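Examining the three-dimensional arrangement
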Amino acid sequence: MTFTRPEISRRAAAAPRSGIGEIVAYARGRDNLMPLWIGEGDLPTPTFISDAAGDALRAGETFYTWTQGIPELRQALVRYYQRHYATSLSADNMYVTGSGMQAIVLALQAVASAGDEVIYLTPAWPNVVNAMTVSEVNPVGVELTFDDGRWSLDIDRLAAAITPRTKALFVNTPSNPTGWTATREDLAALVQLARQHGLWIIADEIYGLYYYPGPRAPSFFDVMDAEDRIIFANSFSKNWCMTGWRVGWLVAPADIGQTLTNLIQYSTSGVAQFMQKGAIAALDHGDDFIRSNIERARISRDILCDALVATNRVETRKPDGALYAFLKIDGVTDSRDEAFRIVDATGVGLAPGTAFGAGGASFMRGCFLRDPKQVEDAAERLTRYIRNR
Ligand SMILES: Cc1ncc(COP(=O)(O)O)c(C=O)c1O
């Protein structure tokens, strides 16, 4: 008797292996490894957050709960936006998700169908683009301009990419991996384009507070009107060192609230209540922690970028936002090969720019959210390697 082997679905086949995951899998667990390849720091979640979650867990908060997030957490999100963005949102605008990644997936599901196009800026964090292909949405990359170590948006280039099939603009600012941070003028121009063409904006402002020239990066909240069709995807991961928790949120127009609740229902059916209690503690008592973590990132950013620029063989500038140095090392054209060589020679794990799509192939990404002494050590190893390359 012979068996026929069923094929995996077209969507599953469209999910490629992560180009960052590949180098991590190659060198994970080595002695003397300095892991700057992933977007997370070296600090665990602060105890005031873990304690709040642990207390709730021990108190038996272990049942199914509100699909869209518990009301207390949604109110805490309203207060967070009041404090940092001077907004007057309501709990009806807030939807709690199982990570920033899931927030992005649900936002895409809410606005784009198979065959539709979503425009994004590249180089880009690859998960977003791959989430589109898995949904059979066509990602349309518009390259940022790289000039004299700085990245900028050419709004005319973006406008030229809009077609009748375009449903949304996906904008990550400050950007992973480039650190490009939209100016207020960029944001106003994007909103204008979206209004003109009837498009959604999905705003990924997850690094909005990781902004070095001021208290926070310019935000779509600064330029939008109440009737603009903007969905914000965000996460607890970076602000409060909660990457392993997998909790995020969406801010969206209230009239699509039921749709988002339904989409949460048919994916995770909601986030564990005890984790949501930890998330409330993060929002309500975490501002000082965020400030000190950002100051630490600024010190480490300066150490890494200053050391590398001093080799005269690396083109980069200190990024205004996010957690990453995106480095163009003289002579590197295939950063995938180079990432393997660098980790073998120095023990420093960098993410290859090839993983971030068009415009990224000759760059390497290093995350500097870590103890300045460790970053100094990584910078020494890298500069030695680059000088002898
Ligand atoms: C630009 C951007 N958006 C969203 C996320 C999602 O974060 P998480 O899924 O950990 O909440 C990340 C994580 O690295 C990111 O860099």
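All values reported here derive from a predicted model rather than from experimental measurement.

What counts, and where the lines are drawn
The numbers attached to residues start from 1 for each chain and follow its sequence in the written order. The predicted origin of the model limits local features to residues at a pLDDT of at least 70 and limits the giving and counting of side-chain atom pairs to 80 or more, whereas totals for whole chains, interfaces and linings rest on all residues. As a convention, hydrogens and water are excluded, and side-chain values are obtained from all of the structure's heavy atoms. Here, a strand pair is defined by DSSP locating no fewer than two bridges between the strands. Under the DSSP-based scheme used, a helix requires at least four consecutive residues in state H or I and a strand at least two consecutive residues in state E, with every element numbered from the N terminus. Axes here refer to lines fitted to C-alpha atoms; in helices the fit is confined to the stretch in contact. Angles between the N-to-C directions go from 0 to 180 degrees. Three exposure classes are used, based on accessible area relative to the maximum for each residue type with a 1.4 Å probe and protein chains only: buried under 20%, partly exposed in between, and exposed over 50%. Directions pointing from the helix axis toward each C-beta atom define the arc. When checking whether two residues touch, look at their non-hydrogen atoms; a contact exists if any pair is within 4.5 Å. Domain segmentation is taken from an automatic or database assignment of domains. Once two parts are joined, some of their accessible surface, as seen by a 1.4 Å probe, is lost; buried area is that loss totalled over both. We define a salt bridge as a contact between a side-chain nitrogen of Lys or Arg and a carboxyl oxygen of Asp or Glu at a distance within 4 Å. Counting of polar contacts relies on pairs of N or O atoms within 3.5 Å, with two restrictions inside protein: one atom must be capable of donating a hydrogen and the other of accepting it, and residues adjacent in sequence are counted only when both atoms are side-chain atoms. Here a cavity denotes a set of grid points, spaced 1 Å apart and computed over the protein atoms alone, in which a 1.4 Å probe fits but from which it cannot get out, and a pocket denotes an open set meeting protein on both sides within 12 Å along at least five of seven lines; residues with an atom within 4 Å of a point are reported as lining. Grid points are joined across faces, edges and corners, and a volume is the space filled by probe spheres set on the points. Note on residue classes: Ala, Val, Leu, Ile, Met, Phe, Trp, Tyr, Cys and Pro are nonpolar, Asp, Glu, Lys and Arg are charged, and everything else, Gly too, is polar. Only buried residues count toward a nonpolar core. Its members are Ala, Val, Leu, Ile, Met, Phe, Trp, Tyr and Cys residues joined through side-chain atoms within 4.5 Å. Geometry of aromatic contacts follows a simple scheme: Phe, Tyr and Trp rings, the Trp one being its six-membered ring, pair when their centres are within 6.5 Å, and the pair is stacked under 30 degrees between planes, edge-to-face over 60, tilted otherwise. Whether a charge sits over a ring depends on NZ of Lys or CZ of Arg being within 6 Å of the ring centre and within 35 degrees of the ring normal. The cutoff for a nearby residue is simple: one of its non-hydrogen atoms must lie within 4 Å of the molecule or strand. Each accessible area is a Shrake-Rupley result for a 1.4 Å probe, and residues are judged covered by the shown protein chains and nothing else. A molecule is said to be in a cavity or pocket once over half of its atoms fall within 2 Å of that pocket's grid points.

Moving on: the sheet that holds strand β10 (residues 248-251). Read from one edge to the other, the open sheet built from seven strands follows the order β2-β10-β9-β8-β7-β3-β4, with strand pairing classed as mixed. Looking at the sheet topology across the chains shown, the edges are occupied by β2 (94-97) and β4 (138-143). Averaged over neighbouring strand pairs, the angle between their axes works out to 25 degrees when direction is ignored. Strand direction decides the pairing type here: strand β3 (residues 117-122) and β4, joined by six bridges, are parallel. Paired with Leu121 across the strands is Val142, a residue of β4.

Our next topic: helix α2 (residues 19-27). If you check which residues of α2 are buried, you get Ile20, Ile23, Val24 and Ala27. Buried residues of α2, viewed axially, fall in a sector of 100 degrees; they line one side. Residues of α2 that are buried in the fold lie against α6 (126-134), α12 (335-346), β14 (351-352) and β15 (363-367).

A few words on the domain arrangement of the protein chain. Segmenting the protein chain into domains produces domain 1 (15-45 + 288-388) and domain 2 (47-286). One C-alpha centre belongs to domain 1, the other to domain 2; they are set 25 Å apart. The interface of domain 1 with domain 2 comprises 38 residues on the first partner and 38 residues on the second. Both sides together, the interface formed by domain 1 and domain 2 hides about 3300 Å², and carbon and sulfur atoms give 58% of it. One can count one salt bridge joining domain 1 with domain 2. When the shortest N-O distance is used, the salt bridge between Arg317 and Asp148 registers 2.7 Å. Summed over the shared surface of domain 1 and domain 2, the result is 17 residue pairs in polar contact (both at pLDDT 80 or more).

Our focus in this paragraph is the environment of Leu260. Here Leu260 lies in helix α9 (residues 257-265). With 29 residues separating them in the primary sequence, Leu260 and Phe289 have C-alpha atoms 31 Å apart. Leave out the neighbours within four places in its chain, and Leu260 touches Tyr95, Leu106, Ala110, Leu250 and Ala252.

It is worth spelling out the layout of surface pockets at this point. Quantified by volume, the largest pocket comes out at close to 610 Å³. Put simply, the parts of the chain that give the lining of the largest pocket at least two residues each are α2, α5 (100-111), β3, α6, β7 (166-172) and β9 (230-235). The residue makeup of the lining of the largest pocket, split by class, is 17 nonpolar, 13 polar and five charged. Both domain 1 (15-45 + 288-388) and domain 2 (47-286) contribute no fewer than three residues apiece to the lining of the largest pocket.

Moving on, we come to the nonpolar core. With 100 residues, the main nonpolar core has Leu73, Leu158, Phe220, Phe236 and Trp240 as its most contacted residues. In this structure, this core is formed jointly by two domains, domain 1 (15-45 + 288-388) and domain 2 (47-286), each of which donates at least three residues. When sequence neighbours within four positions are dropped, the list of residues in contact with Phe236 reads Leu73, Leu77, Cys241, Met242, Val247, Gly248, Trp249, Ala279, Ala282 and Leu283. If you look at the next biggest cluster of nonpolar residues, it comprises 28 residues, including Ile104, Val111, Met132 and Ile256.

Okay, the packing of aromatic side chains next. Applying the stated criterion across every chain, the model contains 19 aromatic pairs. Here the aromatic rings of Phe236 and Trp240 are separated by 5.2 Å at their centres, their planes lie at 35 degrees, and the arrangement is tilted. The two residues Phe236 and Trp240 agree in class, both being buried. Connected via pairs of aromatic rings, a cluster forms that spans Tyr80, Tyr81, Tyr85, Phe221, Phe232, Phe236, Trp240 and Trp249. Its guanidinium or amino end placed over the ring of Tyr95, Arg74 lies 4.9 Å from that ring's centre, counting from NZ or CZ. Looking at Lys328, its charged tip hangs above the ring of Phe363, at a distance of 5.9 Å from the centre.

This next bit is on the site of the ligand. Taken together, 14 residues surround the ligand, and among them Gly100, Asp204, Tyr207, Ser235 and Ser237 come closest. Between the ligand and Gly100, the relevant distance is 2.6 Å, taken from an oxygen atom to a main-chain nitrogen or oxygen of the residue. Within the side chain of Arg246, a nitrogen or oxygen atom sits 2.8 Å from an oxygen atom of the ligand. For the ligand, the protein covers 93% of the area, taking 400 Å² as the surface of the free molecule. Judged by the proximity of its atoms to the pocket grid, the ligand belongs to the largest pocket. Element by element, the count of residues in the shell around the ligand is highest for α5, at three residues. Taken together, the residues of the shell around the ligand break down into five nonpolar, six polar and three charged.

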